[in-house]
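# Examining the three-dimensional arrangement
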Protein chains: 2
Amino acid sequence: MSITDQDTTPAYKRIMSAIQQQIDFGELKPGHAVTSERELAKIHGVSLMTARHALAGLEREGMVERRRGSGTFVAPPKIHFNKLMSYTEQMAGRSLSVRTRLLSMKVIGDAPEIAAHLLLPSTYRLLRFERLRLAGNEPFALETCYLPAEEFSTLSRDRLERGSLFSVLENDYGVKLSHADEEVDATAADPRLARTFGVPHGFPLLRIREVIYSAQSRPFLYVLGLYRADRHTLHIRRFR
Amino acid sequence: MSITDQDTTPAYKRIMSAIQQQIDFGELKPGHAVTSERELAKIHGVSLMTARHALAGLEREGMVERRRGSGTFVAPPKIHFNKLMSYTEQMAGRSLSVRTRLLSMKVIGDAPEIAAHLLLPSTYRLLRFERLRLAGNEPFALETCYLPAEEFSTLSRDRLERGSLFSVLENDYGVKLSHADEEVDATAADPRLARTFGVPHGFPLLRIREVIYSAQSRPFLYVLGLYRADRHTLHIRRFR
DNA sequence: AAGTGGTCTAGACCACGGC
DNA sequence: CCGTGGTCTAGACCACTTC
């Protein structure tokens with residue numbers, strides 16, 4: 001950030017970024033005291049209220065804890081509960097070798113229920129593809145994705161097998177992901193699924209139906225996921 | 001927060017409560033404009049920053065939306081995603097007649113795994129009780145709860161069958177509930193469960209194991225829930 | 001142009017924690 | 001005791017929306 005920059009960024013956001021960097025770069029570790037309000041005000045040449053605003057923002061994001069009479073401290077690294085993450089992202093932290101195999105990919109026009117979930121006319125053309133997730137050589141998840149075909153017609157098989165769907169959507173298509181609503185229940189493996197997963201007919205599976213919304217609150221991706229219950233557990237945190 | 005505790009309550013909290021009441025009492029409905037910052041400041045005799053603080057707090061709670069240049073508006077009623085609620089509370093909004101039958105209740109001392117979840121010694125005495133949830137006359141959920149026996153020795157069968165466990169804990173024992181971590185997977189009904197639910201052996205069930213924490217981040221309640229997958233869906237919202 | 005929320009100042013007093 | 005965060009004042013200017 002140079003002096004010539006016409007810096008329109010609010011002061012409190014700049015202070016937030018500065019502290020965030022200290023944490024990211026490891027200068028401040030969990031438990032360490034963060035520069036106090038009064039010091040921040042002096043250092044950055046702002047009023048106390050502005051320095052407060054910065055710390056309050058970081059607290060809301062869960063980066064720091066504030067203790068009256070004591071100070072502001074870097075919060076312990078949080079497990080990212082209830083975060084919308086792609087499979088690739090979820091696995092990144094766990095050093096598990098997971099492969100993806102693209103089973104099918106085609107444009108369909110007869111999925112009225114799914115079109116309805118995406119707020120599209122019932123005969124709207126959708127791009128559907130199935131991906132099998134394998135740990136080692138053992139399949140443990142089958143995910144079927146549905147996207148509006150027109151918008152994402154340039155999606156290639158290659159990209160889907162290689163990287164994360166989320167990163168393709170965010171980087172190549174500029175989609176801003178906002179949130180997802182999931183419906184979770186249980187089902188039993190029918191003959192086809194039993195064959196796919198290599199489990200007995202009737203084997204319990206976790207079923208997750210998911211509508212993913214863009215930043216404009218527009219639903220644009222529907223995912224039906226089926227997971228071997230013995231190899232997959234869903235973690236949720238609920239707050240009172 | 002009541003009107004009688006004006007003495008020590010911060011002004012911004014009083015203003016928040018006042019607006020919250022307007023919403024609760026139906027004077028302000030979703031979409032309606034909330035009193036502006038400047039008006040609130042005049043009305044309550046506080047500075048602009050304090051009025052701002054109140055509206056910012058309500059925004060953080062999701063009660064209002066703020067639109068620059070336009071105003072502050074009552075937010076549409078939010079679906080309570082990812083909220084820690086008792087079964088009774090969940091059903092309250094749905095006009096479903098749900099009954100609870102207490103199947104068993106006893107103190108046990110040989111549940112080391114569950115004691116571990118509650119950060120207690122492996123032979124610690126736990127109060128265990130099973131509750132069957134019925135819609136109409138049809139059972140659709142079986143919940144087994146574990147509590148430290150000493151603290152909750154006065155819990156009566158009567159209270160458990162009558163009201164919500166949460167309300168008993170919060171009102172009678174003064175427990176402040178904070179959050180819960182859940183593990184969700186699927187399983188198949190064994191003979192006993194099949195008989196309990198009146199479903200075939202092997203029927204898919206949703207299984208939720210839940211550790212509930214008090215405000216001091218102390219785990220104090222473990223719940224194992226089994227749900228007929230065809231009568232029960234879990235809803236989750238995830239954010240990016 | 002009038003009204004709104006967003007940012008910010010330069011102070012103030014209080015309640016609390018640790019020394 | 002001193003430093004901390006929590007609350008608050010009485011203004012100010014800006015950016016934005018609506019009319």
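Sequence order as written defines residue numbering, which begins from 1 separately in each chain. Key to labels: chains lettered from A, ligands numbered from 1, both in the order written. Local features in a predicted model are, by the rule used here, given only for residues with pLDDT of at least 70; side-chain atom pairs are given and counted only at 80 or more, and totals for whole chains, interfaces and linings are based on all residues. The side-chain values count all of the structure's non-hydrogen atoms but skip hydrogen atoms and water molecules.

### Some thoughts on the protein's contact with DNA strand D
- Neighbouring DNA strand D are 23 residues, the closest being Arg52(A), Gly69(A), Ala11(B), Ser47(B) and Thr50(B).
- Polar contacts, as used here, are pairs of N or O atoms within 3.5 Å; protein pairs need one atom able to donate a hydrogen and one able to accept it. Residues neighboring in sequence count only if both atoms are side-chain atoms. At 2.7 Å from a base nitrogen of DNA strand D is found a main-chain nitrogen or oxygen belonging to Gly69(A).
- Comment: elements are numbered from the N terminus, with helices defined as DSSP H or I runs of at least four residues and strands as E runs of at least two. Contributions of two or more residues to the surface near DNA strand D are made by α2 (37-44), α3 (48-60), β2 (64-67) and β3 (71-74) of chain A together with α1 (11-24) and α3 (48-60) of chain B.
- Counting residues per element, the surface near DNA strand D draws most heavily on α3(B), at 3 residues.
- Each residue belonging to the surface near DNA strand D can be placed in one class, and the counts come to 6 nonpolar, 10 polar and 7 charged. The criterion for a residue being near a molecule or strand is simple. One of its heavy atoms has to lie within 4 Å of it. Amino acids outside the nonpolar list (Ala, Val, Leu, Ile, Met, Phe, Trp, Tyr, Cys, Pro) and the charged list (Asp, Glu, Lys, Arg) are all regarded as polar, and Gly is one of them.

### Section: the protein's contact with DNA strand C
- Around DNA strand C lies a shell of 23 residues, among which Ala11(A), Tyr12(A), Ser47(A), Thr50(A) and Arg52(B) are the nearest.
- Within 4 Å of the protein, the contacting atoms of DNA strand C are 66% sugar and phosphate, with bases supplying the remainder.
- Separating a phosphate oxygen of DNA strand C from a backbone N or O atom of Glu37(B) is a distance of 3.0 Å.
- At the level of elements, α1 (11-24) and α3 of chain A together with α2 (37-44), α3, β2 (64-67) and β3 (71-74) of chain B are the ones that each hand at least two residues to the surface near DNA strand C.
- For the surface near DNA strand C, the element with the most residues is α3(A), which contributes 3 residues.

### Brief notes about the relation of the copies chain A and chain B
- Superposing copies: least-squares fit, C-alpha atoms only, residues required to have pLDDT of at least 70 in both. It takes a turn of 180° to lay chain A on chain B, together with a shift of 0.1 Å along the axis; the resulting RMSD is 0.5 Å. Given the turn and translation reported, the copies of this chain are related as if by a two-fold rotation axis.

### Structural notes on the domain arrangement of chain A
- On domain assignment, one finds that chain A holds domain 1 (3-74) and domain 2 (78-235).
- Measuring from the centre of the C-alpha atoms in domain 1 of chain A to the corresponding centre in domain 2 of chain A gives 38 Å. As used throughout, domain bounds are those supplied by an automatic or database domain assignment.

### Considerations on the sheet that holds strand β4 (residues 98-108) of chain A
- Should DSSP find at least two bridges between two strands, the strands are taken to pair. Spatial strand order, β4(A)-β5(A)-β6(A)-β9(A)-β8(A)-β7(A)-β10(B): 7 strands in an open sheet with antiparallel pairing. The two strands at the open ends of the sheet, each matched to only one other strand, are β4 of chain A together with β10 (234-239) of chain B. Strand-to-strand twist across the sheet, computed as the mean angle between neighbouring axes with direction ignored, equals 20°.
- Examined bridge by bridge, strand β8 (residues 204-214) of chain A and strand β9 (residues 219-228) of chain A share 9 bridges and lie antiparallel to one another. Looking at the pairing, Leu205(A) lines up with Arg228(A) of β9(A). Simply put, an axis is a line fit to the C-alpha atoms, just over the touching stretch for a helix, and the angle between two N-to-C directions goes from 0 to 180 degrees.

### Topic: the interface of chain A and chain B
- Note on contacts: a residue pair is in contact if any heavy atoms of the two residues lie within 4.5 Å. Chain A puts 37 residues into the contact, and the matching count from chain B is 37 residues.
- Surface buried jointly by chain A and chain B totals about 3,400 Å² across both partners, of which 50% is contributed by carbon and sulfur atoms.
- The term buried area denotes the loss of accessible surface (1.4 Å probe radius) that occurs when two parts are joined, taken as the sum for both partners. On the chain A side of the interface with chain B, the three residues burying the most area are Ile236(A), Arg238(A) and Arg240(A), jointly 27% of the side's total.
- Between Asp181(B) and Arg237(A) there is a salt bridge, and its shortest N-O distance comes to 2.6 Å.
- Here chain A and chain B share 26 residue pairs in polar contact (both at pLDDT 80 or more) between them. Here, a salt bridge means any Lys or Arg side-chain nitrogen found within 4 Å of an Asp or Glu carboxyl oxygen.

### So, α1(B)
Residue and element names in this part refer to chain B.
- Between the first and last residue of a helix there are one fewer steps than residues, each counted as 1.5 Å, and that sum is the expected span. Between its first and last C-alpha, α1 extends 20 Å over 14 residues, near the 20 Å set by a 1.5 Å rise per residue.
- A 1.4 Å probe rolled over the protein chains alone gives each residue an accessible area, and that area as a share of the maximum for its type sets the label: buried under 20%, exposed over 50%, partly exposed in between. Listed in full, the buried residues belonging to α1 are Ile 15, Met 16, Ser 17, Ile 19, Gln 20 and Ile 23.
- Tucked into the core, α1 has its buried residues touching β1 (33-34), α2, α3, β2 and β3.
- Gly 26, located one to two residues past α1, shows a positive phi value of around 85°.

### Here we look at the pairing of strand β6 (residues 138-148) of chain B
- Where burial is concerned, most of β6(B) is hidden: 10 out of the 11 residues are buried.
- Here strand β5 (residues 126-135) of chain B folds back onto β6(B) in antiparallel fashion, the turn holding 2 residues, of which Gly136(B) has a positive phi close to 65°.

### Some remarks on the packing of α2(B) against α3(B)
Residue and element names in this part refer to chain B.
- Axis separation between α2 and α3 bottoms out at 8 Å; the angle between their running directions is 115°. As summarised for this structure, α2 and α3 are arranged roughly perpendicular, according to the angle between their axes. When you trace α2 past α3, the crossing you get is right-handed. Contact residues: α2 offers Glu 37, Arg 38, Leu 40 and Ala 41, while α3 offers Leu 48, Ala 51, Arg 52 and Leu 55.
- Of the residues contributing to the contact of α2 with α3, the split by class is 5 nonpolar, no polar and 3 charged. With respect to orientation, any angle under 35 degrees is reported as roughly parallel, any angle over 145 as roughly antiparallel, any angle of 65 to 115 as roughly perpendicular, and every other angle as oblique. By convention the crossing between two helices is left-handed if the near helix lies anticlockwise of the far one by an angle smaller than a right angle, and right-handed if it lies clockwise.

### Here we look at α3(A)
Residues and elements named next belong to chain A.
- Its 13 residues place the ends of α3 18 Å apart at the C-alpha level, agreeing with the 18 Å of an ideal helix rising 1.5 Å per residue.
- The inward-facing, buried residues of α3 abut α1, β1 (33-34), α2, β2 and β3.
- At the exit of α3 stands Gly 62, carrying a positive phi of roughly 80°.

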